[in-house]
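Each chain, letter by letter, is given below.
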Amino acid sequence: KQWYQRRVAITAGEDMMKCLVLVIVGMIAGVCSHSWMSCPPSFDTSPSRGGNTVGPCEREGRKKIVTEVRAGDRLKVGWTSNNHAGGWVRLALVPDGQHKVYEHFEKNVLKIVCYGHDERKGRTSYGDCIHPCNARKGCEYMANKYDGNRYDTTIKIPYNLAEGVYILQYMSAMSAHKTFYYSCARLKIVGGEPSLPCKRTGLAPVAHGCMAGTAVPLTKYEQNTKMGDFCFSPKGLGDQDADMSRVPINPECDPRITCQLSVNSKQCMSEDNKMKDIVDSWDPKQTCKGEIVPPPEPTCSDGIKNNGEQMVDCGGPECEKCFEEPTEPVDTRIYKSLDYTQKQWEDGNINIRAVVTVSKDANDWRYTMFFTKAVDIRTFWGCKIISHNDFKTIWTFGPQHWTKKIKPGQVIQLGFNGKFEADGEYPECVTKNFRAYDPDAY
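Presented here is an overview of the structure given in this document. The structure displayed is predicted, hence computed values, not measured ones.

**A few points about the sheet that holds strand β9 (residues 335-344)**
Stage number 1. Reading across the sheet, the four strands line up as β9-β10-β15-β12 and stay open at both edges, with antiparallel pairing between neighbours. Each having just a single partner strand, β9 and β12 (376-381) make up the two edges of the open sheet. Taking the axes of each pair of neighbouring strands and ignoring which way they run, one obtains an average angle of 20° across the sheet.
Stage number 2. Note that β9 and strand β10 (residues 349-358) share nine bridges and pair antiparallel. When the bridges of β10 are listed, Ser337 appears paired with Thr357.

**Quick word on the state of the cysteines**
Stage number 1. Summed over the entire model, instances satisfying the criterion amount to eight disulfides.
Stage number 2. Residue pairing for Cys39: its cysteine sulfur links by disulfide to Cys253, the two sulfurs lying 1.9 Å apart. Judged by the sign of its S-S torsion, about -95°, the bond between Cys39 and Cys253 is left-handed. Here Cys253 lies in the loop between α3 (218-222) and α4 (265-271) and Cys39 lies in strand β1 (residues 37-39), a separation of 214 residues in the sequence. Pair check on accessibility: Cys39 and Cys253 agree, each one buried.
Stage number 3. Residue Cys57 pairs covalently with Cys184 via a disulfide, S to S 2.0 Å. Around the S-S axis, the bridge from Cys57 to Cys184 shows a dihedral of about -75° and counts as left-handed. Pair noted here: Cys57 is in the loop between β1 and β2 (66-70) and Cys184 is in strand β8 (residues 181-190), with a separation of 127 residues, a long-range link. The pair formed by Cys57 and Cys184 is uniform in burial state, with each residue classed as buried.

**Things to note about the sheet that holds strand β5 (residues 109-114)**
Stage number 1. With respect to topology, five strands assemble into an open sheet ordered β2-β8-β7-β4-β5, the strand pairing being mixed. In this open sheet, the two edge strands, each paired with only one partner strand, are β2 and β5. On average, adjacent strands in this sheet sit at an angle of 30° to one another, irrespective of strand direction.
Stage number 2. The sheet contact formed by β2 and β8 spans five bridges and is parallel. Opposite Val66, over in β8, you have Arg186 as the bridge partner.

**Comments concerning empty space enclosed by the protein**
Stage number 1. This model, assessed by the stated rule, comprises three cavities of 30 Å³ or more.
Stage number 2. Within this model, the largest cavity holds a volume of roughly 80 Å³.
Stage number 3. In terms of lining, the largest cavity is formed by 13 residues, of which the most central are Ser38, Pro41, Thr45, Trp282 and Pro284.
Stage number 4. The residue makeup of the lining of the largest cavity, split by class, is seven nonpolar, four polar and two charged.
Stage number 5. In this model, the second largest cavity occupies a volume close to 60 Å³.

**Describing the pattern of salt bridges**
Stage number 1. Under the counting rule described, the total for this entry stands at 25 salt bridges.
Stage number 2. Here Asp283 ties to Lys285 by a salt bridge, and the two come within 3.6 Å at their closest N and O atoms.
Stage number 3. Each of Arg74, Lys111, Lys156, Asp241, Asp243 and Arg246 takes part in salt bridges that share partners, so that together they form one network.

Cut-offs and rules
Residues numbered from 1 in each chain as written. Predicted model: local features only at pLDDT ≥ 70, side-chain atom pairs only at ≥ 80, totals over all residues. Heavy atoms only, no water. Pairing = 2+ DSSP bridges. Helix = DSSP H or I, 4+ residues; strand = E, 2+ residues; numbered from the N terminus. Axes fitted to C-alpha atoms, helices over the stretch in contact; angles between N-to-C directions. Disulfide = S-S within 2.5 Å. Buried < 20%, exposed > 50% of the residue type's maximum accessible area, 1.4 Å probe, protein only. 1 Å grid on protein atoms, 1.4 Å probe; cavity = no way out; pocket = protein on both sides within 12 Å on 5 of 7 lines; lining within 4 Å. Points joined across faces, edges and corners; volume = space filled by probe spheres on them. Nonpolar A, V, L, I, M, F, W, Y, C, P; charged D, E, K, R; others polar. Salt bridge = Lys/Arg side-chain N within 4 Å of Asp/Glu carboxyl O.

Below, the structure written as structure tokens:
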């Protein structure tokens, strides 16, 4: 029994058994989150997987994928937003076989980049947004060092590595999560020259203009780390992003994966019809038409918040100072408290109860739960089912007619019974969100 309990604790950690904050812009419940590397393909490419908080890498999925690259190539690296915003991503590279030790990654950091957030006005609130959060799609890539808030970057494959298989690690504590998430991908590198002098000291470079996470500061990403001894020039050290505008070898990769990861899949599909072109969410790609060329250079008059700008076309390193200061979003949450309890058993049965104390008037409402693994909810009370995603990881419920209109101080009690796969891993932690519903807004 003790062994079983320890094993459950370990596997729970690997599949993100931590709470996350669910996103409906401006209306957030209490926090936690998860994400993983999707470009290049990670160890586990399942679109319904959970995040991994154990590290240094997640467990292997159904097949081992190796991305082949040459020294000097640029490689697109991206991750799913999973409805979250803010924080950083630390990227590191070590030889295969050394990837089971945290310290090896800490001493071989490539760079630290922005996790990302939806830069469109009013689209990010309290550390969350609606997936894909304006993430960069397949056939596009980050070509400017000040355009780093769209859930991707590119890296340059070092020139001084001996031919062999290497492990690229992603590490991030996005949004309001207090624990790092880990994801890894295998790269087979050829064409290197190990005799190059590439000794480096100090920390790896950090991207400009990142929106900070609300729980883990940048210093935690840098703690005990150093930049790896990498050469980014065929003649010596070099700057890894000096040729960032160059097209990466994998531009077709689409890190957004699928709208089934969105808390509002209909909005996700309606806002970007390219999402439907991702045919295989286990290997998310777009079909690129014609030659891939670098995007136009951002300007201070293009009507887009980019290039490290503080607001649209003002502030940041290149544009004139903004005349108005950015403001925090209005708190539109409609509950005072949301008490969640969950019980589960080894045979795969689960019971959930939620008690919501209302703080504002609303004519209609929705309650959403985001599970770390599939749950088949079969009975419920105090509400009616509105929708669930294909993976049965995101469930949304609405009111019965007698609880549709709510007032401050009112208590809403909800209950759910369901089943999950009895494989020793519990869907013990979920995101939960209670929000006002306006049919014209969604």
